[in-house]
Amino acid sequence: MSTVLIIGAGGVGNVVAHKCAQAKEVFTRICLASRTLDKCEKIQKSISRPIEIAQVDADDPRQTAGLIRSVRPDIVINVALPYQDLAIMDACLETKVNYLDTANYEPPDEARFCYKWQWDYQDRFRAKGIMALLGCGFDPGVTNVFCAHAQKHKFDDIHTIDILDCNAGSHGHPFATNFNPEINIREITQRGKYFENGKWIEIDPMSVHLPFDYPRIGPKESYLLYHEELESLSKNIRGVRRIRFWMTFGQEYLTHLRVLENVGMTRIDPVLYEGREIVPLKFLKAVLPDPGSLGVTYSGKTNIGCLINGIRDGKKRQYYVYNVCDHAECFREVGAQAISYTTGVPAMIGAMMVTTGVWRGTGVFNVEEFDPDPFMEKLSQYGLPWHEQDLDPEKDYFAKIADAFNPLD
Ligand code: NDP
């Protein structure tokens, strides 16, 4: 029996609200709050069970703390934007309520996301006896749980991890992003980076890519990017030597992105327009399709998983664990496309782990620090079944890259 306060009524917030409503035995009361009340109302009407709604500006910790005091939740699920992370954590500290999010903090005026700002809350969360669970979407989130599962059950030593994120869906728009356009474009236009032998190696954006053959989808060109789970996994997976993150993009998407960059539309610094300052990327967000609206026409599947190499019982092992999700099926179930769905389901499960006391602790945590088993069990139960297979340990799926690219040259 618990009360949950969800902040953010976008594509992901819609899925979290639906999924919390499905888990009646755990979430007996649900409140959805966001900056624009209309969006909460629309979601409220689409859920068969009654939920409460509220308006809040989560940039203001005092407003959020006031809302928390009136709702008295057991946990706050933050699925607003990464810019609000610290302000919502401050409100949780003030009111001694557990916190969960799906994306790490980044300052609005600098496209640099990292965990440092949130890890710095460790002592304050401990002192108040509450928990912050960071990055509990799919990637980060389930990918971290997959790594914890591999560490617990499949390997004595993990050597390398490649996180492979494929969206082979088609929404029918010439250009759209699958989650908040501003956050998405900031993420993929920054320099790429991966972890190897204790060091971070930087590359030019989108400069390293290869086709990877995704189960139930087929070969798709996958690009090496920096992604936030690399930071926590490089600390929390014992002895790991290399971690990389790959994401698929179609040529049409990349061409649009290059044009937008070339004409200055992805800039995050303010420019003067007709006597007032505007940020080009924020303006671009206003004219692009709302990611929450893409589901209506979306078809095709996503496949996100981890390909892990290491040693088990003295022998080499190559292990692959992944989920396949279908855009149209997600839409039929909760009126959302698969990217919002694969983020919202784990956020609900994380909140379930915390409020039922299955994952316990005080302080600030990443999901791979907890027992993956109960979380993996709920994934299958709540719509994200996972598959695992052992692959030929001698086969190097990235050999083409090793031949073509030596970052230390
Ligand atoms: P949307 O832009 O669709 O939704 C964000 C919502 O937050 C909007 O309803 C917005 O309100 C609200 N919001 C923004 N600022 C405030 C504020 N100051 N106070 C209150 N509400 C606010 O984004 P998504 O739903 O696509 O993404 C949500 C989060 O999920 C993002 O942080 C994203 O990075 C993360 N994510 C994580 C993934 C993972 O796998 N870990 C994958 C995909 C997304 P308004 O409508 O008024 O603008």
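Here the structure is a predicted model, which is why all the values come from computation and not from measurement.

Once that is clear, we can look at the overall build of the chain. When you go through the chain residue by residue, the secondary structure sums to 15 helices and 18 strands. Taking 22 Å as the expected radius of gyration for a compact globule of 409 residues, we find that the chain reaches 21 Å, a close match to that expectation. If one aligns the C-alpha atoms of the chain with their principal axes, the spans along those axes are about 60 × 55 × 40 Å. Among the 409 residues that make up the chain, the fraction classed as buried is 48%. Put simply, 71% of the contacts in the chain that link residues at least 6 apart link residues at least 24 apart.

Surveying the vicinity of the ligand reveals 35 residues, the closest of which are G10, V12, A58, G137 and F179. Among the elements of the structure, α1 (11–22) and α13 (338–355) are those that each provide at least two residues to the shell around the ligand. Of the residues that constitute the shell around the ligand, the class distribution is 16 nonpolar, 14 polar and five charged.

So, on to the packing of helix α3 (residues 61–71) against helix α4 (residues 85–95). When two helices pack together, their arrangement is given by the angle between their axes and by how far apart the axes lie. Look at α3 against α4: their axes get within 8 Å of each other, and the N-to-C directions meet at 45 degrees. Overall, the two elements α3 and α4 adopt an arrangement that is oblique. Remark: the crossing between α3 and α4 carries right-handed chirality. From α3, P61, T64, A65, I68 and R69 reach across to α4, where they touch A87, I88, D90, A91, E94 and T95. Each residue belonging to the contact of α3 with α4 can be placed in one class, and the counts come to six nonpolar, two polar and three charged.

This part covers the sheet that holds strand β6 (residues 131–134). An order of β3-β2-β1-β4-β5-β6-β17 is seen for the seven strands of this open sheet, with the pairing classed as parallel. Each having just a single partner strand, β3 (52–55) and β17 (363–366) make up the two edges of the open sheet. Taken over all neighbouring pairs, the strand axes of this sheet differ in orientation by 20 degrees on average, direction set aside. Lying on the sheet, α3 is in contact with β1 (2–7), β2 (27–34), β3 and β4 (75–78); it crosses β1 at an angle near 155 degrees.

Right, let's get into the domain arrangement of the chain. Per the domain assignment, the segments of the chain are domain 1 (2–138 + 337–381) and domain 2 (142–335 + 386–404). Facing 34 residues of domain 1, the contacting portion of domain 2 comprises 39 residues. Only α1, α13 and α14 (372–381) provide two or more residues apiece to the side of domain 1 that touches domain 2. No other element matches α13, which puts six residues into the side of domain 1 that touches domain 2. Class assignment of the residues belonging to the side of domain 1 that touches domain 2 gives a composition of 19 nonpolar, twelve polar and three charged.

For an α-helix the count is 3.6 residues per turn, leaving residues at separations of three or four pointing the same way. Listed as buried for α14 are P372, F375, M376, K378 and L379. Along the axis of α14, the buried residues cluster in a sector spanning 165 degrees; they form a single face. Exposed residues on α14 whose side chains face more than 90 degrees from its buried face are E377, S380 and Q381. On the buried face of α14, the contacting elements are α7 (142–154), α13 and β18 (386–391).

Here we take up the pairing of strand β16 (residues 315–326). In the sheet, strand β15 (residues 301–312) pairs with β16 via twelve bridges, with the strands oriented antiparallel. Bridge pairing links I304 to N323 in β16. Two successive antiparallel strands, β15 and β16, enclose a turn made up of two residues, where D313 displays a positive phi of approximately 50 degrees. Across six bridges, β16 lies against β18 in antiparallel orientation. Looking across to β18, one finds that N323 is bridged to W386.

Glancing now at the packing of α7 against α14. Axis separation between α7 and α14 bottoms out at 9 Å; the angle between their running directions is 125 degrees. Between α7 and α14, the interaxial angle falls into the category oblique. In this structure, α7 meets α14 at a crossing whose hand is left-handed. For the pair formed by α7 and α14, the contact residues are V142, V145, A148, H149 and K152 on the first element and P372, F375, M376 and L379 on the second.

The rules behind these values
Residues numbered from 1 in each chain as written. Predicted model: local features only at pLDDT ≥ 70, side-chain atom pairs only at ≥ 80, totals over all residues. Helix = DSSP H or I, 4+ residues; strand = E, 2+ residues; numbered from the N terminus. Rg over C-alpha atoms; globule rule 2.2 N^0.38 Å. Buried ≥ 20, exposed ≤ 12 C-beta atoms within 10 Å, placed from the backbone. Contact = placed C-beta atoms within 7 Å. Near = placed C-beta within 6 Å. Nonpolar A, V, L, I, M, F, W, Y, C, P; charged D, E, K, R; others polar. Axes fitted to C-alpha atoms, helices over the stretch in contact; angles between N-to-C directions. Parallel < 35°, antiparallel > 145°, perpendicular 65-115°, else oblique. Left-handed = near helix turned anticlockwise from the far one by under 90°. Pairing = 2+ DSSP bridges. Domains from an automatic or database assignment. Arc of directions from axis to C-beta.

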